[in-house]
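If you want the building blocks of each chain, they are given just below.
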Amino acid sequence: SSGINAEYGDCTIVDKNYGEGAGLRSGTIKISGEYVYGWTKREVGVHRLIRMSPFDTAGRRHTSFSSVNVFPIPPSSDSISSIQQIQISTKDIKVDRFKSSGPGGQHVNTTDSAIRVTHLQTGIVVTAQGRSQHQNLDEAMSILKSRLYAHDLHIKAQQLKSHHTTLSSNSWGSEAQIRTYTMHPTARVKDHLTNLEVNSTDDILEGGSDLDYFMRNALAITR
């Protein structure tokens, strides 16, 4: 997130769910700034990481996948925004409150401030934690509106048999291959949108200048 803050705008971690063994199972970040959606929308798809796992005592090479989605959230002052005009009735959602958690399931606070909102009709689930219960609920509802808007776009695109929507469903088989990050046996990053390659894997993963190089070139590509 440091590279995002420096280059594209403010980055806030809205939610993160830790895996059973190590790492993150899922997460949500909110990026605020000029043209942020335009910069990030071409990151939607599958990102592949190839490395020597530090958790494998046999020293074998492992491949991991990460599915990325990007949803626009316009300012609430934008009265003509289609997203902000979305009305969500309380009978259409289920709100759960729970304790924010850290690695290993350890509670980072003692109050039920984390929020999970489930949209009953679509099954879309949004969680927010790390702030007050009221702030988390506002954040979760804002993200839910974006998710519902994106869901509606996807349904309309399917009806029109369009194959060029960037808001694909969260399934591995239907998503575009975006980038492969190889850390072993050689350091190399292949950008599948532009067919460009660099050998500075660490710089890319830290959000350095080479990531900016990929993103700028991707803006000229129409998928």
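Structure shown above.
All figures in this text were calculated on a predicted structure; none of them were measured in a lab.

A look at the side chain of His 119
Thought 1: With respect to the helices and strands, the residue His 119 is situated in strand S6 (residues 114-119).
Thought 2: Judged by its relative accessible area of 8%, His 119 is buried.
Thought 3: Setting aside residues up to four positions removed in sequence, His 119 forms contacts with Asp 92, Ile 93, Ile 124, Leu 144 and Leu 148.

Some remarks on the packing of aromatic side chains
Thought 1: Considering all chains together, one arrives at one aromatic pair under this definition.
Thought 2: Measuring from centroid to centroid gives 5.9 Å for Tyr 213 and Phe 214, while their planes differ by 35 degrees, and the two rings are tilted.
Thought 3: The buried category is assigned to Phe 214, whose relative accessible area is 0%.
Thought 4: Its end group placed over the ring of Phe 98, Arg 116 keeps NZ or CZ at 4.4 Å from the ring centre.

Some details on the pattern of salt bridges
Thought 1: Counting across every chain of the model gives eight salt bridges.
Thought 2: With a closest N to O distance of 2.9 Å, Arg 179 and Glu 43 form a salt bridge. In this pair, Arg 179 is assigned in strand S8 (residues 177-182) and Glu 43 in the loop between helix H2 (36-40) and strand S3 (45-52), connecting sequence segments 136 residues apart. When sorted by exposure, Arg 179 lands in the same class as Glu 43, which is buried.
Thought 3: The shortest N-O distance in the salt bridge between Asp 212 and Arg 216 comes to 2.7 Å. Pair noted here: Asp 212 and Arg 216 are both in helix H5 (residues 209-218), with a separation of four residues, about one helical turn.
Thought 4: The class for Arg 216 is partly exposed, based on a relative accessible area of 46%.

Considerations on the sheet that holds S3
In any sheet, the strands associate via hydrogen bonds between backbone groups, in a parallel or an antiparallel arrangement.
Thought 1: What the five strands build is an open sheet, ordered S4-S3-S8-S9-S10; its pairing is mixed. Each edge of the open sheet carries a strand with a single partner, namely strand S4 (61-68) and strand S10 (196-198). Ignoring which end each strand starts from, the neighbouring axes of this sheet average 15 degrees apart.
Thought 2: Bridge analysis of S3 against S8 gives five bridges, and the strand direction is parallel. Counted as the bridge partner of Arg 48 is Thr 180 from S8.
Thought 3: Its contacts with the sheet place H5 against S8, strand S9 (188-191) and S10, and it is angled at close to 175 degrees to S10.

Parameters at a glance
- Residues numbered from 1 in each chain as written.
- Predicted model: local features only at pLDDT ≥ 70, side-chain atom pairs only at ≥ 80, totals over all residues.
- Heavy atoms only, no water.
- Helix = DSSP H or I, 4+ residues; strand = E, 2+ residues; numbered from the N terminus.
- Buried < 20%, exposed > 50% of the residue type's maximum accessible area, 1.4 Å probe, protein only.
- Contact = heavy atoms within 4.5 Å.
- Phe/Tyr/Trp six-rings, centres within 6.5 Å; stacked < 30°, edge-to-face > 60°.
- Lys NZ or Arg CZ within 6 Å of the ring centre and 35° of its normal.
- Salt bridge = Lys/Arg side-chain N within 4 Å of Asp/Glu carboxyl O.
- Pairing = 2+ DSSP bridges.
- Axes fitted to C-alpha atoms, helices over the stretch in contact; angles between N-to-C directions.

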